[in-house]
Amino acid sequence: MTDSTPPGPPRGRLLVVSNRLPFSVQRSPSGEVELVPSSGGLVSALVGYLESRKAEQPELEFIWAGWAGAELSAEETESLRKTAVERQGGYPLRLAGADMDSFYHGFCNGTLWPLFHYFPSYASYQEEEWETYRRVNQQFCDELLELARPGDEIWVHDYQLLLLPALLRQRLPEASIGFFLHIPFPSFEVFRQLPTKWRRELLEGVLGADLMGFHTHDYSQHFLHSVFRTLGYEHYLGRINVDGVVKAVETFPIGIDFERFWRASSSQEVVDVRARMASGLGGRRVIFSVDRLDYSKGILHRLRGFEAFLSSFPEYAGQVTFVLLVVPSREEVSAYQRMKQELDELVGQINGRYGSVDWVPIVYQYRSVPFQELVALYGLADVALITPLRDGMNLVAKEYIASKPEGDGVLILSDMAGAARELGEALQINPNHTREIAEAIQQALTMPASEQLPRMRAMQGRVRSYDATRWVDTFLAALRRTKERQGRLATLHLGGKPLAEVLERHHRAAQRTLLLDYDGTLVPLAGTPGEAVPDAELLALLKGLQTPSQKVVVISGRDHRSLGDWFRDVPIRLVAEHGAWQRDEHGEWSMPKPLPDHWKKQLGPLLQSYVERVPGSSLEEKDYALVWHYRLAIDQELALERAKELTDDVVSYTANLDVQVLEGKKAIEVRNSGVNKGVAGNASLANNPDFVFAAGDDATDEDLFRALPREAVTVCVGGSHSYATYRLSGHRELRAVLRCMLP
Ligand code: GDG
């Protein structure tokens, strides 16, 4: 199956986990529980998805687990859980209220939020807050374990629960777990400000998931880079091999429930509200913004931009009103209190300086508004002014576009919002540049309808097609594909019953051949190629295994001199340089086919230049191959970059040479085409064995596993995802299995 094939239907229930539920519990003065629906990106995305799926898939079982916002008694929890289906599956978890407060205001919003939004000076690093964060993630895990059933798909959301995927993985090793981050993932230079231990644990936490999603390509790359720098895991096209399991990192820009805004904007109720508002504002042109109170949203920068606009373009005095809607949030955190105060003061100053008896430039509202009123405001706005300093996505920008069925209106959008990647037709500004904001406002207010319309229609087309339902569908499809890929590559541990069966076949066979890779398979990987000399135990084992009815072949990429020296007294067959050379049991070396080596002169200097550019790397010369090794390079990141560059260089350099480039484990090897372990391995089966056993640890051994007859017993050493049927943890386990094959 390719990655574009649609995945199968979900196997069980979909379990969404987020810090907060789609509703909050509030208590009336008499202590009664009241449920207040929440707004926000995830809620509208998932609610939209559920509505659209309900009709097609009535059997879809959906549970949304999280904190209800207040501590509930056991009976209250039970009763809410029983009626969860009526409220988007909302399933309250039993969590301690005191912990939840310090969790949310502590590590979540005092450390992760500022750091991930590039406000490192606001971030605090308190050990107790970190411990609370860990404890609460563990509580989420414990509660979920009571709920989860085999076959469920678990989708964990956002920065509050970075540790949860790995905690779940420990207890549910087979589970299908996805993770999505709604805020930016910062560059490594910012992420590394976290103490190393926390940093490691957070990344390992996220890597517990099978699929990790981010809004933009940049965030995905930042995450992969941090994983490499912190944990040393490389990736290939976003796939990371974590202890033998291939995990995926992909980009999924979140969408909105487009039709809901589109439809609502023409509804009678919204049309009436809009008309009332328009007359209240004296028919003036309207600039509008709405955000939660947050320093990342650039509200103060926006106001300064608006002030610069009023001062630079005085002809707009009395003509324009800026409706500034700010939704109260995190009022307990001191940075937010300070910001609120500054905001109040700045609005007062601008209104005082530029306003008049019959005109207030900024109509400032510090509250949230009902949905209809929000859509009416979007509809009324000639200009939406959205200026975050950093924003994971920013749904307000998309909602504005969806609330303009006539195609009028201009979106001014900060290029620091994730949404800027998709909304190229907006007037994009840098929020730190006051004059840019002022000029963009002027440009927006003078933009002719003939220019507004095509820009709006292009963005509407995109926002409508990449909507919330598509976001959920694409994520879940990718999660299923990731699991299926893991399933295809999963191998069985060669121990217990499988081992007994293999040994039984071995015992019954008349002729046997054992094909054994050397480095990383029979001996551990060594720092330099010269350090991997076989030990006495191994030499004795191989000698003992070779009998008239059992042929041993060491099949390696090593040069034939080293192998010949090491195994001088062991009468087994050797295959060197991936098959360029062969030695029979009597010690005679031969070449199966003549190979050219003139290309080495041409390529040698190129590879040597990489040795000079990457301190610690080295060049190995074999008869028919050149290998650049970077296992011992001092700067591994530089080495990895250079490895890609070298591969590229060699490929273009050798377009008319009959050579191939292979990426080994921390090595780039250039050698003659048509020489590989698959060809060499099959050529070693001339004795027509009825039992073939092959073991290897890297990509070159995969050629062998693929080429051997289906009945061959193939074993991948050190990994668990391979074309091989079985796996073993390392050279020690392999030697133990081989000892069982001694006569
Ligand atoms: C995270 C990321 C990312 C706001 N005020 C009112 C109201 N809202 C609704 C808006 C919009 C949502 O809240 C805010 O959108 P954001 O994009 O800021 O989303 P958040 O959930 O706050 O934040 C963000 C998002 O996740 C999705 O991944 O885009 O970058 O920080 O939907 O309409 N709704 C109503 N009244 C209000 O007063 N009815």
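The rules behind these values
Residues numbered from 1 in each chain as written. Predicted model: local features only at pLDDT ≥ 70, side-chain atom pairs only at ≥ 80, totals over all residues. Heavy atoms only, no water. Near = heavy atom within 4 Å. Polar contact = N/O pair within 3.5 Å; in protein donor to acceptor, adjacent residues only side chain to side chain. Helix = DSSP H or I, 4+ residues; strand = E, 2+ residues; numbered from the N terminus. Nonpolar A, V, L, I, M, F, W, Y, C, P; charged D, E, K, R; others polar. Core = buried A, V, L, I, M, F, W, Y, C linked by side-chain atoms within 4.5 Å. Buried < 20%, exposed > 50% of the residue type's maximum accessible area, 1.4 Å probe, protein only. Contact = heavy atoms within 4.5 Å. Pairing = 2+ DSSP bridges. Axes fitted to C-alpha atoms, helices over the stretch in contact; angles between N-to-C directions. Salt bridge = Lys/Arg side-chain N within 4 Å of Asp/Glu carboxyl O. Expected span 1.5 Å × (residues − 1). Arc of directions from axis to C-beta. Parallel < 35°, antiparallel > 145°, perpendicular 65-115°, else oblique. Phe/Tyr/Trp six-rings, centres within 6.5 Å; stacked < 30°, edge-to-face > 60°. Lys NZ or Arg CZ within 6 Å of the ring centre and 35° of its normal.

**Concerning the site of the ligand**
In step 1: Around the ligand, the surrounding shell holds 22 residues, and the nearest of these are His-182, Val-369, Asp-391, Leu-395 and Glu-399.
In step 2: One of the side-chain N or O atoms of Lys-297 is found 3.0 Å from an oxygen atom in the ligand.
In step 3: For the shell around the ligand, the elements supplying multiple residues, two or more each, are β12 (285-292), α13 (371-380) and α14 (395-402).
In step 4: Tallying contributions element by element places α13 first for the shell around the ligand, with three residues.
In step 5: Taken together, the residues of the shell around the ligand break down into 10 nonpolar, eight polar and four charged.

**As for the nonpolar core**
In step 1: With 101 residues, the main nonpolar core has Tyr-133 and Phe-223 as its most contacted residues.
In step 2: It is helix α3 (residues 97-116) that provides the largest number of residues to this core, a total of eight residues.
In step 3: Not counting residues within four places of it along the chain, the set of residues in contact with Phe-223 comprises Phe-185, Leu-203, Val-206, Leu-207, Met-212, Phe-214 and Val-249.
In step 4: The next biggest cluster of nonpolar side chains, apart from the first, holds 73 residues, and it includes Leu-211, Val-369, Val-375 and Leu-423.

**Some remarks on the sheet that holds strand β17 (residues 427-429)**
In step 1: The sheet built from six strands is open, its strands ordered β14-β13-β12-β15-β16-β17 with parallel pairing. Bordering the open sheet on either side are β14 (362-366) and β17, each of which pairs with just one other strand. Neighbour-to-neighbour, the strand axes of this sheet turn through a mean angle of 20°, independent of strand direction.
In step 2: The sheet contact formed by β12 and strand β13 (residues 320-327) spans eight bridges and is parallel. Bridging across to β13, Val-286 finds its partner in Thr-321.
In step 3: Its contacts with the sheet put α13 on β12 and β13, and the angle it makes with β12 is roughly 140°.

**What about the pattern of salt bridges?**
In step 1: Tallying each qualifying case throughout the model produces 49 salt bridges.
In step 2: The closest approach of N and O atoms between Asp-344 and Lys-340, which form a salt bridge, is 2.8 Å. Of this pair, Asp-344 and Lys-340 both sit in helix α12 (residues 334-354), separated by four residues, roughly a single helical turn.
In step 3: Residue classification places Asp-344 among the partly exposed positions, given a relative accessible area of 32%.
In step 4: A salt bridge links Glu-537 to Arg-739, with the shortest nitrogen-to-oxygen separation between them at 3.9 Å. Residue Glu-537 is located in helix α19 (residues 536-545), and its partner Arg-739 is located in helix α25 (residues 731-739); the two are separated by 202 residues in the primary sequence.
In step 5: A relative accessible area of 44% means that Glu-537 is categorised as partly exposed.
In step 6: Residue classification places Arg-739 among the partly exposed residues on the basis of a relative accessible area of 40%.
In step 7: Connected via shared salt-bridge partners are Arg-81, Arg-94, Glu-143 and Glu-146.

**Concerning helix α4 (residues 127-147)**
In step 1: When the terminal C-alpha atoms of α4 are compared, their 31 Å separation across 21 residues agrees well with the 30 Å that a helix rising 1.5 Å per residue should span.
In step 2: Along α4, the residues classified as buried are Trp-130, Thr-132, Tyr-133, Val-136, Asn-137, Gln-139, Phe-140, Cys-141, Glu-143, Leu-144 and Leu-147.

**Side note on the sheet that holds strand β6 (residues 153-157)**
In step 1: Taking strand neighbours across the sheet as the criterion, the nine strands line up as β5-β4-β1-β6-β7-β8-β11-β10-β9 in an open arrangement whose pairing is mixed. The open sheet has two edge strands, β5 (90-92) and β9 (235-236), and neither has a second partner.
In step 2: Taken together, the five bridges between strand β1 (residues 14-20) and strand β4 (residues 62-67) define a ladder with parallel strand orientation. Looking across to β4, one finds that Val-17 is bridged to Ala-65.

**Overview of α12**
In step 1: Given a rise of 1.5 Å per residue, 21 residues ought to cover 30 Å, and the 30 Å separating the end C-alpha atoms of α12 matches this to within 8%.
In step 2: Residues of α12 that are buried include every one of Ala-335, Tyr-336, Met-339, Leu-343, Leu-346, Val-347, Ile-350 and Asn-351, and no others. Along the long axis of α12, the arc covered by the buried residues comes to 125°, so they all point the same way. Residues Gly-352 and Arg-353 are exposed on α12 and point more than 90 degrees away from its buried face.
In step 3: For α12, the secondary structure elements touched by its buried residues are α3, α11 (299-312), β13 and β14.

**With respect to the packing of helix α9 (residues 258-265) against α13**
In step 1: For the pair α9 and α13, the least separation of the axes is 10 Å and the interaxial angle reads 80°. The angle between α9 and α13 falls in the class roughly perpendicular. Along the contact surface, α9 presents Arg-260, Phe-261, Ala-264 and Ser-265, while α13 presents Phe-371, Val-375 and Tyr-378.
In step 2: Residue composition of the contact of α9 with α13, grouped by class: five nonpolar, one polar and one charged.

**Let's talk about the packing of aromatic side chains**
In step 1: In the structure shown here, the tally under the stated rule is 38 aromatic pairs.
In step 2: Site record: aromatic cluster; members linked through ring pairs are Phe-103, Phe-107, Trp-130, Tyr-133 and Trp-198.
In step 3: Against the face of Phe-371 rests Arg-260, its NZ or CZ located 3.7 Å from the ring centre.

The values reported here are purely geometric and, on their own, carry no functional implication.
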